[in-house]
Amino acid sequence: MSKLILIFLLGLSLQINAQQHPTIKNGLESFVRANTIYPMYAKENCIQGSIEIAFKINKEGKVTYTSITKGIGADLDAEALRLIKLTSGKWTVPTGYDTTFLIRSPMKFSLQDYGCEQLNPGSMGLAIKQYNDDMTSLSKIANFYRNRENGTENFIEEETIIALKNEMGVDDEYLNKKIAIAEKKISQGDLQSACEDFKFVKYMGSTKADKLLAKYCK
């Protein structure tokens, strides 16, 4: 059976005494391993590699700032940010800690047993470029259905949008995967990201996530 592995390399650049930096139960590496949800596009296209995250933590152990300082350029970047945000409120912060300090942490995402080892290294770069092109097309679809909701639908364009959805593979299987991922995020307590996924399904012209939107995203 295929196995998904996430290797997380923690490199906190704290220029303070080791006993004075914020800590999280069982360590950040363990938290990330337990909570990562490998994104659909990256998983299906063997996109992997290192991402560097920068973040700040306040006195209550909440994450107050996050950014990608070195990204890959696909949906793995968003997952790295999501994981750091998910740690918010779970940090133990020592007295006197400088909450303006910017913590930098590299993460390495890696897939095994998906046949990725056999791929030409250049194929990942092409997949990342295609991802950005796909995001443009998905935004066009979403805008069409948002306009329909607001009563400004362009019926002449609908056939073009349906054809684009077919070309992009936005079908029931695709949307069901999105919903399944969102439900995993709910089990982690990540309602914000889950609701974004449910809204994505809605604005692909589907009613599949409507009940979940009503339940979790009021």
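Scroll up a little and you will see the structure.
Residues numbered from 1 in each chain as written. Predicted model: local features only at pLDDT ≥ 70, side-chain atom pairs only at ≥ 80, totals over all residues. Heavy atoms only, no water.

**A closer look at helix H4 (residues 122-149)**
Spanning 28 residues, H4 covers 41 Å between terminal C-alpha atoms, matching the ideal 40 Å at 1.5 Å per step. Every buried residue of H4 is listed here: Ala-127, Ile-128, Tyr-131, Asp-134, Ser-137, Leu-138, Ile-141, Ala-142, Phe-144 and Tyr-145. Those residues of H4 that are buried are in contact with helix H2 (40-44), helix H3 (75-86), helix H5 (155-168), helix H6 (172-187) and helix H7 (191-202). Following H4 by one or two positions, Gly-151 has its phi on the positive side, about 80°. (Helix = DSSP H or I, 4+ residues; strand = E, 2+ residues; numbered from the N terminus. Expected span 1.5 Å × (residues − 1). Buried < 20%, exposed > 50% of the residue type's maximum accessible area, 1.4 Å probe, protein only. Contact = heavy atoms within 4.5 Å.)

**Brief notes about the nonpolar core**
Judged by nonpolar contacts, the single largest core of 33 residues is most densely connected at Leu-28, Ile-47, Phe-55, Leu-76, Ile-84, Trp-91 and Phe-109. Breaking this core down by element, the ones donating at least two residues are helix H1 (28-35), H2, strand S3 (49-57), H3, strand S6 (103-111) and H4. In terms of residue count, the dominant contributor to this core is H3 (five residues). Not counting residues within four places of it along the chain, the set of residues in contact with Trp-91 comprises Pro-22, Thr-23, Ile-24, Leu-28, Phe-55, Ile-57, Glu-60, Gly-61 and Val-63. Counting 28 residues, the second largest nonpolar core, distinct from the first, contains Leu-164, Ile-186, Phe-198 and Ala-209. (Core = buried A, V, L, I, M, F, W, Y, C linked by side-chain atoms within 4.5 Å.)

**Observations concerning the packing of H6 against H7**
It is the contact of H6 with H7, at a shortest axis distance of 8 Å, that shows an interaxial angle of 165°. The angle between H6 and H7 falls in the class roughly antiparallel. Crossing of H6 over H7 shows left-handed handedness. On H7, the residues touching Tyr-174, Leu-175, Lys-178, Ile-179, Ile-181, Ala-182, Glu-183, Lys-185 and Ile-186 of H6 are Leu-191, Ser-193, Ala-194, Asp-197, Phe-198, Phe-200 and Val-201. Classifying every residue of the contact of H6 with H7 gives eleven nonpolar, one polar and four charged. (Axes fitted to C-alpha atoms, helices over the stretch in contact; angles between N-to-C directions. Parallel < 35°, antiparallel > 145°, perpendicular 65-115°, else oblique. Left-handed = near helix turned anticlockwise from the far one by under 90°. Nonpolar A, V, L, I, M, F, W, Y, C, P; charged D, E, K, R; others polar.)

**Some details on the packing of aromatic side chains**
For any pair of aromatic rings, the description rests on two quantities: the centre-to-centre distance and the angle between the ring planes. In the structure shown here, the tally under the stated rule is five aromatic pairs. With a centroid separation of 6.2 Å and an interplanar angle of 80°, the aromatic rings of Tyr-38 and Phe-109 are classed as edge-to-face. Here Tyr-38, found in the loop between H1 and H2, pairs with Phe-109, found in strand S6; they are 71 residues apart in sequence, far enough to count as distant. Note on Tyr-41 and Tyr-131: the rings are 5.1 Å apart at their centroids and 55° apart in plane angle, and the pair reads as tilted. Within this pair, whereas Tyr-41 is found in helix H2, its partner Tyr-131 is found in helix H4, the two being separated by 90 residues in sequence. Sitting above the plane of the Tyr-65 ring, Lys-56 keeps its charged end 5.6 Å from the centroid. Sitting over the ring of Tyr-203, Arg-146 keeps its end group 4.8 Å from the ring centre. (Phe/Tyr/Trp six-rings, centres within 6.5 Å; stacked < 30°, edge-to-face > 60°. Lys NZ or Arg CZ within 6 Å of the ring centre and 35° of its normal.)

**Remarks on the state of the cysteines**
Evaluation of the coordinates by the stated rule reveals two disulfides. The partner cysteine of Cys-46 in its disulfide is Cys-116, sulfur to sulfur 2.2 Å. Disulfide Cys-46 to Cys-116: torsion about the S-S bond roughly -80°, handedness left-handed. One end of the pair, Cys-46, is in the loop between H2 and S3; the other, Cys-116, is in the loop between S6 and H4, with 70 residues separating them in the sequence. The partner cysteine of Cys-195 in its disulfide is Cys-217, sulfur to sulfur 2.0 Å. An S-S torsion of about -95° defines the bridge between Cys-195 and Cys-217 as left-handed. Of this pair, Cys-195 sits in helix H7 while Cys-217 sits in the segment after helix H8 (210-216); the two residues are 22 residues apart in sequence, bridging distant segments of the chain. (Disulfide = S-S within 2.5 Å.)

**A look at the side chain of Lys-178**
With respect to the element layout, Lys-178 can be found in helix H6. One buried charged side chain, Lys-178, makes no salt bridge at all; its nearest oppositely charged neighbour is Asp-197, positioned 4.4 Å away. Beyond its immediate stretch of four places on either side in the chain, Lys-178 contacts Met-40, Asp-197, Phe-200 and Val-201. (Lys, Arg positive; Asp, Glu negative; His and termini not counted. Salt bridge = Lys/Arg side-chain N within 4 Å of Asp/Glu carboxyl O.)

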